[in-house]
Every structure is written in C-alpha cells, then in structure tokens.
Amino acid sequence: MEKQEKAILTVVGKNEIGILAKVATAVAEAHASIVQVSQIVMDEFFTMNMHIEVSSMNCSIHQLEENIKAVLPGVEVHVMHENIFTSMHSI
C-alpha cells in the first residue's frame, strides 16, 4: 500500500469572489485531493488553510504553488510538505 503524502496549503490576501474555487480547481488539476479546509473572511481579508493529499500529483509542490499564484495575483500562497511543516512546528 502506497504511503499517503500530505501538504499544507495557505492562502492569505484581500478577499475576492472565487478564491476557494480557484484554489480547489488548481489542486484538482494537479491530481491532489483536499482532505480538510478552513477559511475565515475578516472584513476584506481572506485566510485559508488547506490540508491536501499529494501522493498522486502530476507536478511538484513548488509548481502547484506557482500555478495557484498565477490565478491569484497579489495573494500570498504557500504550499509546504507535511514533513517540513511538522518538523518546523515541533521545535
């Protein structure tokens, strides 16, 4: 059985219609799966954390991040493999 690999995707920026849809589309086009998502809109600002399963992706994590940035210019986007995220936050 193949081990599932996951990543943490964060998006922060000015709220606009369709942010979640654009990110979900980019994730689907990369053949990744959304495991869990949390979002908050405060006034005009949007914050989202997405846990994604990346074992079957057809591109790199870096390329997924670049693809999302291309459809959301001016929005801060970060995609980090779960192993790196866990190591950074366990110190």
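Residues numbered from 1 in each chain as written. Predicted model: local features only at pLDDT ≥ 70, side-chain atom pairs only at ≥ 80, totals over all residues. Heavy atoms only, no water.

(A) View of the overall build of the protein chain. Helix and strand counts for the protein chain come out as three helices and four strands. If you list the helices and strands of the protein chain from N to C, you get β-α-β-β-α-β-α. Here the C-alpha atoms of the protein chain give a radius of gyration of 13 Å, agreeing with the 12 Å that 2.2 N^0.38 yields for 91 residues. Across the 91 residues of the protein chain, 32% fall into the buried class. A sequence separation of at least 24 residues applies to 66% of the contacts in the protein chain between residues at least 6 apart. Roughly 5,800 Å² of accessible area belongs to the protein chain as shown, and the carbon and sulfur atoms make up 56% of that amount. Averaging the locations of the 5 positively and 11 negatively charged side chains of the protein chain gives two centres separated by 1 Å. (Helix = DSSP H or I, 4+ residues; strand = E, 2+ residues; numbered from the N terminus. Rg over C-alpha atoms; globule rule 2.2 N^0.38 Å. Buried < 20%, exposed > 50% of the residue type's maximum accessible area, 1.4 Å probe, protein only. Contact = heavy atoms within 4.5 Å. Areas by Shrake-Rupley, 256 points an atom, 1.4 Å probe, with all protein chains shown as cover. Lys, Arg positive; Asp, Glu negative; His and termini not counted. Charge placed at Lys NZ, Arg CZ, Asp CG, Glu CD.)

(B) Structural detail: unusual backbone geometry. The phi dihedral of His 31 falls on the positive side, at around 65 degrees, and the residue is not glycine. Tracing the chain through its elements places His 31 in the loop between helix H1 (19–29) and strand S2 (33–42). A relative accessible area of 48% means that His 31 is categorised as partly exposed.

(C) Molecular detail of the pattern of salt bridges. By the definition in use, this model includes three salt bridges. Ionic pairing is found between Glu 16 and Lys 22, a salt bridge with its closest N-O pair at 3.3 Å. The exposure class of Glu 16 is partly exposed, given its relative accessible area of 32%. Assessed through its relative accessible area of 32%, Lys 22 is described here as partly exposed. One salt-bridge network, held together by shared partners, links Glu 65, Glu 66 and Lys 69. (Salt bridge = Lys/Arg side-chain N within 4 Å of Asp/Glu carboxyl O.)

(D) Representation of a nonpolar patch on the surface within the structure. Side chains of Leu 20, Ile 34 and Val 37 sit close together on the surface and give an oily, nonpolar patch of about 210 Å² of accessible area. If you trace the backbone, Val 37 turns up in strand S2. (Patch = residues over 30% accessible without salt bridge, like charges linked within 9 Å, V, L, I, M, F, W, Y side chains within 5 Å.)

(E) View of the pairing of strand S1 (residues 6–14). In this structure, S1 lies alongside strand S3 (residues 45–53), joined through nine bridges in antiparallel fashion. Each bridged residue has a counterpart across the sheet, and for Ala 7 the counterpart in S3 is Ile 52. Alignment of S1 against strand S4 (residues 76–81), held across six bridges, turns out to be antiparallel. Bridge pairing links Val 11 to Val 77 in S4. (Pairing = 2+ DSSP bridges.)

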